[in-house]
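Next come the chains, spelled out residue by residue.
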Amino acid sequence: MEVQISTDNNVHGGDELNQYVEAELRSALSRFSDHLTRLEVHLGDEIASGAEGVDRRCVIEARPAGRPPVAVTHHAGSVDEALGGAVRKLESLLETKYGRTDHRKGGDSIRHSPTGDPR
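The text that follows walks through the structure, step by step, so that each part is easy to find.

Calculation criteria
- Chains are numbered independently. Their residues run from 1 in the order of the written sequence.
- Reporting in this predicted model follows two pLDDT cut-offs: at least 70 for local features of residues, and 80 or more for side-chain atom pairs to be given and counted; totals over whole chains, interfaces and linings ignore these cut-offs and use all residues.
- Note that the side-chain values use all heavy atoms of the structure and ignore hydrogens as well as water.
- Definition of nonpolar core: a set of buried residues of the types Ala, Val, Leu, Ile, Met, Phe, Trp, Tyr and Cys, connected through side-chain atoms within 4.5 Å.
- Three exposure classes are used, based on accessible area relative to the maximum for each residue type with a 1.4 Å probe and protein chains only: buried under 20%, partly exposed in between, and exposed over 50%.
- To qualify as a helix, a DSSP run of H or I must reach at least 4 residues; to qualify as a strand, a run of E must reach at least 2; elements of each kind are numbered from the N terminus.
- Contacts are residue-level and defined by heavy atoms, with any inter-residue pair within 4.5 Å sufficient.
- Note on definitions: salt bridges are taken to be side-chain nitrogens of Lys or Arg within 4 Å of carboxyl oxygens of Asp or Glu.

Regarding the nonpolar core
Formed by 25 residues in total, the largest nonpolar core has its most connected members in Leu25, Leu39, Leu43, Cys58, Ile60, Leu90 and Leu94. Mapped by element, the contributors of at least two residues to this core are helix 1 (15–29), strand 2 (36–45), strand 3 (56–64), strand 4 (70–76) and helix 2 (79–98). Ranked by the residues each element gives to this core, the list is headed by helix 2, at eight residues. In this view, Leu90 contacts Leu29, Leu39, Ile60, Ala62, Val70 and Val72; residues no more than four positions away in its chain are not counted.

Observations concerning the pattern of salt bridges
Enumeration over the complete set of coordinates arrives at eight salt bridges. Taking the shortest distance from any N to any O, the salt bridge between Glu22 and Arg26 comes out at 3.0 Å. Of the two residues, Glu22 and Arg26 are both situated in helix 1; the distance of four residues between them amounts to about one turn of the helix. Under the relative-accessibility criterion, Arg26 is labelled partly exposed at 34%. Two residues, Glu61 and Arg63, come together in a salt bridge whose shortest N-O distance is 2.7 Å.

Rendered as structure tokens:
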């Protein structure tokens, strides 16, 4: 799973921010790594005037193998909060899309489960 991170002119990016964002994504989305080929993270400041408020934005676009891309957006007062909210939204979205494809409803039936009975 490849991770690409971009920031606008008002968010100070760098190696430290990139490592933090990548670690958060890999930690939260590790169970979906077989389904995802690339994650694109866009961090931005919508107001850019230094005013307090909910002006930080995080957009995460996930590119699943063989399926159309999906994206989530979260606005918050800081980059950390915006990233955390977007990661939670993406995790929920991926769970809805892929959580059910890996598990059959009800699991194994009684006829197919090993009982240990030698008969």
